[in-house]
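Single-letter residue listing:
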Amino acid sequence: MSRVCYFYDQNVGEFDYGFGHPMKPLRNKLVHHLIMEYGIYKRLNIYKPWRATNEQMEMFHSKEYIDFLQRVTPEMALQPHFKKSLEEFNFTDDCPVFEGLYPFVQTVVGSSLGCAMKINERAADICVNWSGGLHHAKKSQASGFCYINDIVCAILELLKVHSRVLYIDIDHHHGDGVEEAFKATNRVMTFSLHKYGDNYFPGTGDVDEIGIDEGKNYSINVPLKDGINDEGYHRLFYPIIDRIMEVFQPSVVVMQCGADSLNGDRLGFFNLSIQGHCDCMKYVKKFGLPMILVGGGGYTVSNTARCWCYETAAACDLNIPDQIPINDYLEYYVPDMKITISTNPQMKNCNSRNYIEDILNKVMIILEDVGNSNLPIVQFTNPPRIDEHTIEMQIDEDQQDFNDVSNGFIRDIPLNIDSDEVIKMYTEPLPIYPKSKLFCTQNLKEFE
Ligand SMILES: [Zn+2]
């Protein structure tokens, strides 16, 4: 049975990108309520994340960008003399400056870093952060509703302990920010399936974008057209995953489970069912590698909540009833009140069998080259010891921090559940490693 950790901060669902913006952090609350009411929480270790520090975010992002992100307020964003900075850092209609932006991103990144640290400590088999997965953010720019790239931060954390990290992205959009961050290294393979063409955002991710320098052949892209269904998607996903596992031999996987690839998404044009989407995750899980699951896109709020609840259950090896239990957000699931959604048989699939075969062949040729090259092996010095960098917070009712956590969870869990059973442990910010240790040398075997 998998040991599954789940990071959730009840405040994350309260943030608001602004009226009419398709990104709704509220969806995290909906997922959490489903997880609670289905009883899935009994199989989870639930953690409230800390907020990531500037130093942690500067592992990837530029200091100038982080400083601005910390300072900027909605009022400042209206002042003409900030226009240049807002343009430089790409704060646009897609990425507005909203109230509480900085603590919001700190919480999201803190959750993904917490996932990576738990995996590094070998304290979990699967870690889940549905508030994360913000794959478009760049080193010094916001992009596509994403401000800080929590995935890149988490992968950098994993690289302290792992030689090779596999990143998988099943969002409707290309995982461009993650690919760009690691396109020149062979220690991270990125594999993204996404809509491509017709100038669709972000405009990158063709099959011939394969990475550069040492990272050549380590960026795998599957460009798709509208209407891809479960069958077509799996026809590509399964054999490519098989081959990646064979030739790249990752020791850990980060999977971005963006739910905008589902049928009926407000912004997406794919036709996956929730089972079809989840089957991708289950397929990867079968390889038995430690895994981090993050969210991402997903703009039909109810379907996104359904999908991530279903996938949390699958991560815990649970089959849950299709009938959604009574919960505070029941009105979102009318009229069918089911956890699953199907593909739409009326939707045209623009990906012909020939097109799919052609893409598959091209990807297999790229992976052939990976199979013919030497895999990077990093020797680590001073392996991080659990007792050095994990601080279990003492539960002290006088501490404001504890009270905040406790109140949040008591409000969020069903009344008949003992909160002590749910809140198993708390973590605090962990000291970051000196940068020099990131690619240091020592016997890797100690970790394998
Ligand atoms: Zn997306």
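The protein carries the name Histone deacetylase in an unreviewed UniProt entry, which gives Entamoeba dispar as its organism. In the Subcellular location (unreviewed entry) part of its UniProt record, the protein is described as follows: "Nucleus". Per UniProt, the comment on the protein under Sequence similarities (unreviewed entry) is "Belongs to the histone deacetylase family. HD Type 1 subfamily."

Peer 1: Please explain the overall build of the protein as it appears in this structure.
Peer 2: Within the protein, the secondary structure is distributed over 15 helices and 8 strands. Expressed as a percentage of its 448 residues, the buried residues of the protein come to 48%. Of all intrachain contacts in the protein linking residues separated by at least 6 positions in sequence, the fraction that spans at least 24 positions is 79%.

Peer 1: Explain the UniProt feature "binding site: a divalent metal cation" (unreviewed entry) in the protein here, please?
Peer 2: This chain's UniProt record puts "binding site: a divalent metal cation" (unreviewed entry) on Asp171, His173 and Asp260. For the annotated residues, spread through 90 residues, the largest C-alpha to C-alpha distance comes to 8.2 Å, consistent with a single compact locus. Along the chain, aspartate 171 falls in the loop between strand S4 (165-169) and helix H8 (176-182). In contact with aspartate 171, not counting residues within four places along its chain, are His135, His194, Gln256, Gly258, Asp260, Ser261, Gly296 and Gly297. Its place among the elements puts aspartate 260 in the loop between strand S7 (252-256) and helix H10 (274-285). Using a count of 25 C-beta atoms within 10 Å as the deciding quantity, one classes aspartate 260 as buried.

Peer 1: When you look at the UniProt feature "active site" (unreviewed entry) in the protein in this model, what are you seeing that I'm missing?
Peer 2: Taken from the UniProt record, the annotation "active site" (unreviewed entry) applies to His136. With respect to the element layout, histidine 136 can be found in the loop between strand S3 (126-129) and helix H7 (150-158). Look past the residues within four positions of histidine 136 in its chain and what remains in contact with it is Ser143, Gly144, Cys146, Asp176, Gly177 and Pro202.

Peer 1: Would you take a moment to explain the nonpolar core for this structure?
Peer 2: Across soluble globular proteins, you tend to see nonpolar side chains buried next to one another. By size, the foremost hydrophobic cluster in this structure holds 122 residues, and its most contacted members are Val128, Ala154, Ile155, Tyr167, Ile292, Leu293 and Cys309. Among the elements that line this core, the one with the most residues is helix H6 (residues 101-120), at 10 residues. Once residues lying within four places of it in the same chain are set aside, the contact partners of isoleucine 155 are Val165, Tyr167, Val188 and Val254.

Peer 1: Explanation requested: the sheet that holds S3 in the structure shown.
Peer 2: Strands belonging to one sheet form pairs held by backbone hydrogen bonds; the direction of such a pair is parallel or antiparallel. Strand order in this open sheet of 8 strands is S2-S1-S3-S8-S7-S4-S5-S6, and the pairing throughout is parallel. Of all strands in the sheet, those bounded by a partner on one side alone are strand S2 (44-47) and strand S6 (219-224). On average, each strand axis in the sheet is tilted by 15 degrees relative to the strand beside it, whichever way the strands run. Two strands pair when backbone bridges link them, and strand S1 (residues 4-7) and S2 are joined in this way by 4 bridges, in the parallel orientation. Opposite cysteine 5, over in S2, you have asparagine 45 as the bridge partner. Contacts from H6 reach S1, S2, S3, S7 and strand S8 (291-294) within the one sheet, and its direction differs from that of S3 by about 175 degrees.

Peer 1: Which parts of the structure should I look at to understand the pairing of S8?
Peer 2: The side chains of a regular strand alternate between both faces of the sheet. Neither face of S8 is left uncovered, since the one carrying Met291 and Leu293 and the one carrying Ile292 and Val294 both have all their residues buried. Pairing of S3 with S8, which is carried by 4 bridges, proceeds in the parallel orientation. The residue bridging isoleucine 126 from the neighbouring strand is methionine 291, located in S8. As paired strands, S7 and S8 are joined by 4 bridges and run parallel to one another. Across the sheet, valine 254 pairs through a bridge with isoleucine 292, a residue of S8. Tracing the backbone out of S7, into H10 and back to the parallel element S8 gives a crossover that is right-handed.

Peer 1: Teacher, can you tell me more about the confidence of the model for the protein here?
Peer 2: Caution is warranted with low-pLDDT regions, since their predicted coordinates should not be read in detail. When pLDDT is averaged along the protein, the result is 86, and 85% of the positions lie at 70 or above. Across residues 384-448 the pLDDT falls below 50, and counting only partners more than four positions away or on other chains, this stretch makes 84 contacts in the model.

Peer 1: It is not clear to me how unusual backbone geometry should be interpreted in this structure. Could you clarify?
Peer 2: Excluding glycine, residues mostly have negative phi values, and the peptide bonds linking residues are mostly trans. Here phenylalanine 201 and proline 202 are connected by a cis peptide whose omega angle stands at -5 degrees. When you line up the elements, proline 202 lands in the loop between strand S5 (188-195) and S6. Following valine 334, the chain continues to proline 335 via a peptide bond in cis, the omega torsion being 0 degrees. A positive phi angle, near 50 degrees, is found at aspartate 213, a position not held by glycine. The class of aspartate 213 is exposed, set by 10 C-beta atoms lying within 10 Å. Its identity as a non-glycine residue notwithstanding, methionine 337 has a phi of 55 degrees, on the positive side.

Analysis parameters
Residues numbered from 1 in each chain as written. Predicted model: local features only at pLDDT ≥ 70, side-chain atom pairs only at ≥ 80, totals over all residues. UniProt positions renumbered as here; feature names shortened; annotations may be inferred. Helix = DSSP H or I, 4+ residues; strand = E, 2+ residues; numbered from the N terminus. Buried ≥ 20, exposed ≤ 12 C-beta atoms within 10 Å, placed from the backbone. Contact = placed C-beta atoms within 7 Å. Core = buried A, V, L, I, M, F, W, Y, C linked by C-beta atoms within 7 Å. Pairing = 2+ DSSP bridges. Axes fitted to C-alpha atoms, helices over the stretch in contact; angles between N-to-C directions. Right-handed = clockwise from strand over helix to strand, strands pointing away. pLDDT = per-residue confidence, 0-100.

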